[in-house]
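Listed below are the residues making up each chain.
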Amino acid sequence: MDRKEPFQFGRAQMIPYGRQDINEDDIDAVVAVLKSDFLTQGPAVPRFEDALASKVRASHAVAVNSATSALHVALAALDVGPGDLIWTSPITFVASANCALYCGADVDFVDIDPRTYNMCANALEQKLHKAALNGKLPKAIIPVHMSGQSPDMHRISELVADYGIHVVEDASHAIGAEYKGTPVGDCAHSAITVFSFHPVKIITSAEGGMATTNNPRLAERMAMLRSHGVTRDPSLMRGQPDGPWYYQQIDLGWNYRMTDVQAALGLSQLSRLDEFVQARNEHADRYDELLADIPIGLPNRLPESRSAFHLYVVRLQTDNAMAHRSVFEDMRNAGIGVNLHYIPVHVQPYYRDLGFSWGDFPQAETYYQQAMTLPLFPGLTSQEQEKVVETLKNSILRRNATPAATA
Ligand SMILES: *Cc1c(COP(=O)(O)O)cnc(C)c1O
């Protein structure tokens, strides 16, 4: 193997479904931290936190090493523990559900709205009603901003407010998105909102995540939990500090800290957020146009939302697993890195061992049989988009033309 070949991010062979956009400013920001006194626990982390909080209009932001960690400290700060129940959407990355298990809590799911692939508010209403009757209400729910578009947060938060259930938004897909004219992350309808900065997401810090909140007590608790549950703040300590070296562990936390190297990249990327979301929306508009005359379902845009368009998901109008799979194969064979977001969490083997099975959440399962994520990232070229659309069109037309497609 010749290791000297420059790494091409797989682009020569494959148009990926997503990829980061790193410019010279991003690189300079990282290099400046590498030459500075602090690689971690320095000034870059609070700088990133302050900038992000102000961008999404939240009072506080707590940076951690991933969105998974952010979800974990969010639930821990809300005192979620053994005996508690958390509900989320089955169409999400496994982390949205796993965070509850980390706390020793149980997980259940609320089926999706087939128009938006987000947690369905009507399904939530019915499930709450039943749960109230048999005393099995969740302590918190985690709606997911699937593909970058907000769930119906206004109605969801109203529905759970009557029961005192906390809301944690998994907005891993949705930094830069808006809901009812305000930024996702302002926590207008939740206790805490979580973002991811994995390279396929809207902005990146390589790995990283952030939790925003308007509640100072939750912010303080999450900040402590990300760093072992240790504090140096005398006002939080039991008794008086022994001296200037003193710290106390007052809770059981983890090492979930974001480094200054990551924060510098995140901060630089944040300054480009509007540009990224604009480019993603333009590419999505272009897909809408190019795909208009193909018999597939396109993303449904709600008037009260502006999606960050992390993902552009189409639905093939087929209940035929073979047809779904062969369109994927056609696309992959043509060098187009289509993907499937997501396999419903409840049918993962680990979750089946917990008692879930096929048939539990029918809308999520039908979605899974039809969904396909097309490549979408700021640097996607119009030639690449045309290639994606041509290949998809040919694959679908060919399939519709052969009788085997309906067999
Ligand atoms: C990416 C993602 C996560 C996890 O983010 P990490 O930063 O990789 O931990 C959680 N939830 C959703 C919906 C995601 O897409």
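Reading the values: the criteria
- Residues numbered from 1 in each chain as written.
- Predicted model: local features only at pLDDT ≥ 70, side-chain atom pairs only at ≥ 80, totals over all residues.
- Heavy atoms only, no water.
- Helix = DSSP H or I, 4+ residues; strand = E, 2+ residues; numbered from the N terminus.
- Buried < 20%, exposed > 50% of the residue type's maximum accessible area, 1.4 Å probe, protein only.
- Polar contact = N/O pair within 3.5 Å; in protein donor to acceptor, adjacent residues only side chain to side chain.
- Near = heavy atom within 4 Å.
- Areas by Shrake-Rupley, 256 points an atom, 1.4 Å probe, with all protein chains shown as cover.
- Phe/Tyr/Trp six-rings, centres within 6.5 Å; stacked < 30°, edge-to-face > 60°.
- Core = buried A, V, L, I, M, F, W, Y, C linked by side-chain atoms within 4.5 Å.
- Contact = heavy atoms within 4.5 Å.
- Pairing = 2+ DSSP bridges.
- Axes fitted to C-alpha atoms, helices over the stretch in contact; angles between N-to-C directions.
- Parallel < 35°, antiparallel > 145°, perpendicular 65-115°, else oblique.
- Left-handed = near helix turned anticlockwise from the far one by under 90°.
- Nonpolar A, V, L, I, M, F, W, Y, C, P; charged D, E, K, R; others polar.

### Observations concerning the environment of Asn122
Note that Asn122 resides in helix H5 (residues 121–133). With a relative accessible area of 43%, Asn122 lands in the partly exposed category. When the C-alpha positions of Asn122 and Ile156 are compared, they lie 9.0 Å apart, and in sequence the two are 34 residues distant. In terms of polar contacts, Asn122 uses its side chain to reach the side chain of Arg155, at 2.9 Å.

### Section: the site of the ligand
Within the structure, the ligand sits among 15 residues, and Thr68, Asp170, His173, Ser196 and Lys201 are positioned closest to it. Ser172 is positioned with one of its side-chain polar atoms (N or O) 3.4 Å from a nitrogen atom of the ligand. Between the ligand and Tyr342, the relevant distance is 3.1 Å, taken from an oxygen atom to a side-chain nitrogen or oxygen of the residue. Protein contact buries 92% of the 380 Å² of open area that the ligand shows by itself. For the shell around the ligand, the elements supplying multiple residues, two or more each, are helix H3 (67–77) and helix H4 (95–102).

### Notes on the packing of aromatic side chains
Applying the stated rule across the entire model yields 12 aromatic pairs. For the pair Phe109 and Phe356, a centre-to-centre distance of 5.1 Å together with 70° between the ring planes defines the contact as edge-to-face. Remark: Phe356 occurs in the loop between helix H11 (349–353) and helix H12 (362–370) and Phe109 occurs in strand S3 (residues 106–109); sequence separation between them is 247 residues. For the pair Phe109 and Phe356, one class covers both residues: buried.

### What about the nonpolar core?
Among the nonpolar cores identified, the biggest contains 49 residues, and Leu75, Val168 and Ile192 are the most heavily contacted of them. Going through the elements one at a time, strand S1 (60–64), H3, H4, S3, strand S4 (140–142), strand S8 (192–196), helix H7 (216–225) and H12 are the ones with two or more residues in this core. The element best represented in this core is H3, accounting for 8 residues. For Ile192, the contacting residues outside a window of four places in its chain are Ala74, Leu78, Val167, Val168, Glu169, Cys187, Ala211, Thr212, Thr213, Leu218 and Met222. Counting residues in each nonpolar core, the second largest holds 44 residues, with Ala121, Ile141, Ala263 and Ala308 among its members.

### Concerning the pairing of strand S9 (residues 209–213)
In terms of residue burial, S9 counts as a mostly covered element, since 5 of its 5 residues are buried. Side chains of S9 alternate between two faces, with Gly209, Ala211 and Thr213 and Met210 and Thr212 buried alike. In this sheet, S9 lies alongside S1 in antiparallel orientation, the contact comprising 5 bridges. Counterpart to His60 in the pairing with S9 is Thr213. Of the pairings in the sheet, the one linking S8 to S9 comprises 5 bridges and is antiparallel in character. Bridge assignment links Ile192 to a residue of S9, and that residue is Thr213.

### Focus on the packing of helix H1 (residues 24–34) against helix H8 (residues 260–270)
Packing of H1 against H8 leaves a shortest axis separation of 8 Å and a crossing angle of 155°. Judged by the inter-axis angle, H1 sits roughly antiparallel to H8. The crossing of H1 and H8 is right-handed. Residue-level contacts link Asp25, Asp26, Ala29, Val30, Val33 and Leu34 of H1 to Asp260, Val261, Ala264, Leu265, Ser268 and Gln269 of H8.

### Concerning the packing of H5 against helix H6 (residues 153–161)
Running from N to C, H5 and H6 cross one another at 5°; their axes reach a closest spacing of 10 Å. Taken together, the axes of H5 and H6 lie roughly parallel to each other. On H6, the residues touching Ala121, Asn122, Leu124, Glu125 and Leu128 of H5 are Arg155, Ile156, Leu159 and Val160. Broken down by class, the residue content of the contact of H5 with H6 amounts to 6 nonpolar, 1 polar and 2 charged.

### Focus on the side chain of Ser89
Structurally, Ser89 can be placed in the loop between strand S2 (85–88) and H4. Exposure remark for Ser89: the relative accessible area of 1% places this residue in the buried category. At a separation of 3.1 Å, a polar atom in the side chain of Ser89 contacts the main-chain amide nitrogen of Ile91. Every residue in contact with Ser89, bar those within four places of it in the chain, is listed here: Phe109, Val110, Ile112, Tyr117, Met119, Ile142 and Val144.

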